[in-house]
Amino acid sequence: MAAKNIMIVGVGGQGTLLTSRILGGIALQGGYDVKLSEVHGMAQRGGSVVTFVRYGDDVAEPIVEEGQADVLIAFERLEALRYAHFLKPDGALVVNDWRIDPMPVVIGAAEYPDGILEGLEKEYKVYAVNATEEAKKLGNSRTFNLIVLGVAAQHMDFTKEQWYEVIENTVPPKTIEINKKAFDVGYTL
Amino acid sequence: MLGNEAIARGAYEAGVKVSAAYPGTPSTEISEYLVQYKDDVYAEWSPNEKVATEVAIGASVSGVRSMACMKHVGLNVASDPLYTVSYMGVNGGMMVVVADDPGLYSSQNEQDTRMVARAAQVPVIEPSDSAEAKDFVKRAYEISEQFDRPVIFRTTTRLAHSQGLVTLKDREEIEDKPYVKNIQKTVMMPGNAKLRHVEIEKRNKELAEAANTLNLNRVEMNDTKIGVITSGIPYQYVKEALPEASVLKLGLVNPLPRKLIEDFAAKVETLYIVEELDPVIEEQVKSWGVKAIGKEIFTVQGEYSANMIRQAILKEELHIKEPAKAPGRPPILCPGCPHRSVYYVLKKLGLHAAGDIGCYTLGAVAPLSVVDTTICMGASISSLHGMEKAKGKDYIKNWVAVIGDSTFLHTGVNSLMNMMYNKATGTVLILDNSTTGMTGHQDHAATGKTLQGDPTWAIDIPALCRAIGVKNVVEVNAFDIDLLEKTVREEVAKDEVSVIITKTPCVLLSKAKKPLYRAVPDKCKKCGMCMKPGCPAMTKDKDGTIRIDDTMCTGCGLCDSLCKFGAIELVKEGER
């Protein structure tokens with residue numbers, strides 16, 4: 001199989017690492033060669049963060065380049081906009097319909113663009129979900145990333161049981177149940 | 001497995017017994033992953049990279065396999081022992097893992113460790129994925145012991161923080177080498193070092209010769225139109241972009257295998273050299289009269305990619321969409337960060353800050369913009385001292401030095417000694433958040449815990465400052481902004497050295513449920529005071545209404561203490 005390219009983008013601290021590790025785990029379970037690339041250090045401090053997951057029969061480079069992503073998972077609208085050009089023409093853009101103002105917007109030096117999703121829908125297949133609100137309903141707003149992942153999982157070739165197993169092996173033991181529940185919310189949307 | 005995890009695993013399998021490091025992105029996780037092997041590998045956080053390297057040298061002299069781990073700029077701190085252990089050679093094998101940061105994801109410069117290694121005449125081994133990272137560690141120790149050389153194991157951010165598949169093997173129990181006193185080899189005074197210099201030149205020549213047949217270097221003959229010499233992560237980009245090309249992949253990048261390279265060059269029509277950062281391989285290869293193309297078409301900055309190679313070598317026109325226009329999102333201090341509170345006060349007082357390396361470097365970012373300088377670890381205190389000696393004590397009445405707890409213990413303490421010795425009068429703020437924050441919360445000599453999390457002696461920073469001779473040592477809670485303001489005012493005015501320690505733990509350290517604040521629109525006068533510190537959890541709507549994002553607020557209360565109208569209130573339990 002030619003390598004499948006997945007990108008996860010968001011704001012440092014939103015849990016992109018956990019999500020990319022679940023994605024790496026699922027690809028491994030599918031018997032593929034897998035490479036993941038993460039961001040640590042200063043960029044993690046509230047900055048724009050990108051992680052890459054690539055899997056297939058044989059994967060060389062650990063990064064996804066412009067125009068190559070099959071699935072782009074964005075944890076925030078502005079980050080979806082920033083990285084949308086990494087998608088293949090027929091790629092899927094899964095986006096958390098949530099706004100976090102970057103510092104230039106907070107201090108009034110820039111404006112948060114209006115109508116991001118509407119604009120993106122003209123060019124890409126967009127699957128938007130307000131995962132943060134959905135996660136609050138579950139009682140833990142931090143599980144929003146599993147909801148977004150659940151939506152993305154609809155566009156990937158793994159069974160629900162496979163996802164469950166990887167979630168169980170990846171998230172902290174105490175949070176397995178809530179994370180599986182969150183995944184379900186996204187998977188059935 | 002993460003590249004860093006694979007290096008730790010490789011060290012474990014290679015029978016390493018001692019490892020020492022100072023945290024530095026992208027090298028930090030190597031030591032953290034070593035903790036799981038604590039029954040077999042002693043690993044520690046040292047206060048700085050020089051100390052860590054010397055710990056590794058000591059272990060090597062005593063006859064065991066050892067390593068020190070650091071980021072590229074850490075090697076600058078460790079270069080003193082490095083240059084001389086190069087003369088000494090090893091007893092037990094010794095490796096210094098150095099992680100470069102092309103693209104400056106989390107560093108103050110983009111230096112190339114291979115240049116340092118050439119200057120120090122130290123062999124360099126470079127893997128190109130996690131599997132090689134693990135296997136090459138073992139080869140590094142074999143080479144170290146066979147050729148009596150310390151070895152630099154070079155990685156880059158992309159390798160250190162990428163995951164790939166790795167096959168695990170058992171640990172090899174390596175018998176300790178006997179220690180035999182040999183003053184000529186281990187006491188580097190002029191007479192001995194002069195002889196050792198001759199010896200290491202010989203050893204390096206032997207290694208360079210052996211490099212022609214070492215299996216660390218690999219020729220992949222394919223179509224001969226394009227030949228590429230490469231190493232490390234760029235090898236993966238070459239494979240992705242030029243699957244048809246012939247490739248000479250170097251695993252040992254210093255010294256270079258001259259014969260192997262010349263033979264390869266003779267077999268291909270056009271030879272390219274693809275290496276991130278400096279033209280280290282290229283300049284040597286060209287100096288032998290070999291025709292090659294390198295930095296004529298490639299940059300010395302940042303990371304490479306397969307697309308970059310397609311464009312540069314194949315002259316392919318890529319049809320890539322322009323990125324959308326979107327406001328930038330630079331890194332910032334976290335919501336609830338105690339540094340924000342300190343910088344708010346410094347800004348209010350109109351003070352300049354000589355800054356240092358850590359999360360608090362972000363005090364240079366708008367709207368705080370307090371930090372004036374950031375150079376290297378420990379430089380805040382010494383550069384403030386330099387300003388005073390240049391311009392006099394009144395000049396620095398509107399300056400302070402700002403440094404973190406871990407950085408203070410790293411090299412800042414030397415600079416404070418200098419201030420006392422040389423009759424300075426400046427004010428130093430130690431932002432003590434009880435951890436090494438930026439690199440992801442590592443313990444240090446003042447946290448009371450070892451790398452393994454075991455309890456240990458905690459250095460008392462205030463007592464240390466007093467022992468150096470500082471009379472004015474004041475401790476203040478970072479969030480008590482009134483007291484902090486008063487303290488800074490008073491201490492800066494004094495004609496004596498002052499140290500103000502704001503001891504407030506990093507907000508990310510506590511997992512306890514935190515209080516939550518909300519804005520009350522009815523009481524809000526839209527004055528904007530609460531927005532001044534630039535908290536990312538707060539947004540101002542177009543009409544000036546303030547909102548607090550309840551998923552981000554950590555309940556530090558800074559906004560509440562700035563609001564004069566009671567328009568920010570604590571959310572009661574049960575209403576959340």
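Along its length, chain B carries 20 helices and 22 strands. Scaling as 2.2 N^0.38, a compact globule of 576 residues should have a C-alpha radius of gyration of about 25 Å, and chain B matches this with 27 Å. On the principal axes, the C-alpha backbone points of chain B span a range of 80 × 65 × 50 Å. Within chain B, the proportion of its 576 residues that are buried is 53%. Restricting to contacts in chain B with at least 6 residues of sequence separation, those with at least 24 account for 75%.

Another aspect to go through is the interface of chain A and chain B. Taken together, the contact pairs 44 residues of chain A with 42 residues of chain B. If you list the elements that add at least two residues to the side of chain A that touches chain B, you get strand 2 (33-37), helix 2 (77-83) and helix 3 (103-106) of chain A. For the side of chain A that touches chain B, the element with the most residues is strand 2 of chain A, which contributes 5 residues. Residue classes in the side of chain A that touches chain B are distributed as 22 nonpolar, 13 polar and 9 charged.

Here we come to the nonpolar core. Nonpolar side chains in soluble globular proteins tend to be buried together. Residue and element names in this part refer to chain B. By size, the foremost hydrophobic cluster in this structure holds 99 residues, and its most contacted members are Ala11, Ala52, Ala56, Met67, Ala68, Val97 and Ile309. Sort the elements by how many residues they give to this core and helix 3 (residues 49-62) lands first, with 7 residues. The contact partners of Ala52, leaving out residues within four places of it in the chain, are Ala20, Ala21, Tyr22, Ser46, Ala68, Met70 and Ala78. If you look at the next biggest cluster of nonpolar residues, it comprises 69 residues, including Cys337, Tyr360, Val497 and Val507.

Residues and elements named next belong to chain A. Contact geometry for helix 6 (residues 144-153) and helix 8 (residues 176-187): axes closest at 6 Å, N-to-C directions at 45°. On the basis of the axis angle, helix 6 is oblique to helix 8. Crossing hand, helix 6 versus helix 8: right-handed. In this structure, helix 6 contributes Leu146, Ile147, Val148, Leu149, Gly150, Val151 and Ala153 to the contact, and helix 8 contributes Asn179, Ala182, Phe183, Asp184, Val185, Gly186 and Tyr187.

Residue and element names in this part refer to chain A. Across its 14 residues, helix 1 (residues 16-29) extends 20 Å between first and last C-alpha, which sits within 8% of the 20 Å expected from 1.5 Å per residue. The buried fraction of helix 1 amounts to 11 of the 14 residues, a majority that puts the element mostly inside the structure. Within helix 1 the residues assigned to the buried category are Thr16, Leu18, Thr19, Ser20, Arg21, Ile22, Leu23, Gly24, Gly25, Ile26 and Ala27. After helix 1 finishes, the residue Gly31 shows a positive phi value of roughly 85°.

The next thing to look at is the domain arrangement of chain B. What the domain assignment reports for chain B is domain 1 (3-210), domain 2 (218-313), domain 3 (338-503) and domain 4 (517-570). Put simply, the middle of domain 1 of chain B and the middle of domain 4 of chain B, counted by C-alpha atoms, are 50 Å apart.

Here we take up the sheet that holds strand 7 (residues 162-163) of chain B. An order of 6(A)-5(A)-4(A)-1(A)-3(A)-2(A)-7(B) is seen for the 7 strands of this open sheet, with the pairing classed as mixed. Whereas interior strands pair on both sides, the edge strands pair on one side only; in this sheet they are strand 6 (125-129) of chain A together with strand 7 of chain B. Here 8 bridges tie strand 1 (residues 4-11) of chain A to strand 3 (residues 48-56) of chain A, and the two strands are oriented antiparallel to one another. Counted as the bridge partner of Met7 of chain A is Phe52 of chain A from strand 3 of chain A. Along the sheet, helix 4 (residues 116-123) of chain A makes contact with strand 5 (87-96) and strand 6 of chain A, crossing strand 6 of chain A at roughly 150°. Across the sheet, helix 6 of chain A touches strand 4 (69-74), strand 5 and strand 6 of chain A, and the angle it forms with strand 5 of chain A is around 145°.

Turning our eyes to something else, we now look at the sheet that holds strand 9 (residues 223-231) of chain B. Residue and element names in this part refer to chain B. With mixed pairing, 4 strands are arranged side by side in an open sheet as 8-10-9-12. The two strands at the open ends of the sheet, each matched to only one other strand, are strand 8 (218-220) and strand 12 (270-274). On average, each strand axis in the sheet is tilted by 15° relative to the strand beside it, whichever way the strands run. Across the face of the sheet, helix 11 (residues 234-241) comes into contact with strand 9, strand 10 (245-250) and strand 12 while running at roughly 160° to strand 9.

Attention shifts here to the pairing of strand 3 (residues 66-71) of chain B. It is a general feature of regular strands that their side chains alternate between the two faces of the sheet. Residue and element names in this part refer to chain B. With 6 of 6 residues buried, strand 3 lies mostly within the body of the structure. Side chains Ser66, Ala68 and Met70 of strand 3 all project onto a buried face; the interleaved residues Met67, Cys69 and Lys71 project onto the opposite face, where all are buried too. In this sheet, strand 3 lies alongside strand 1 (residues 18-21) in parallel orientation, the contact comprising 4 bridges. Bridge pairing in strand 3 places Ala20 opposite Ala68.

Cut-offs and rules
Residues numbered from 1 in each chain as written. Chains lettered and ligands numbered in written order. Predicted model: local features only at pLDDT ≥ 70, side-chain atom pairs only at ≥ 80, totals over all residues. Helix = DSSP H or I, 4+ residues; strand = E, 2+ residues; numbered from the N terminus. Rg over C-alpha atoms; globule rule 2.2 N^0.38 Å. Buried ≥ 20, exposed ≤ 12 C-beta atoms within 10 Å, placed from the backbone. Contact = placed C-beta atoms within 7 Å. Nonpolar A, V, L, I, M, F, W, Y, C, P; charged D, E, K, R; others polar. Core = buried A, V, L, I, M, F, W, Y, C linked by C-beta atoms within 7 Å. Axes fitted to C-alpha atoms, helices over the stretch in contact; angles between N-to-C directions. Parallel < 35°, antiparallel > 145°, perpendicular 65-115°, else oblique. Left-handed = near helix turned anticlockwise from the far one by under 90°. Expected span 1.5 Å × (residues − 1). Domains from an automatic or database assignment. Pairing = 2+ DSSP bridges.

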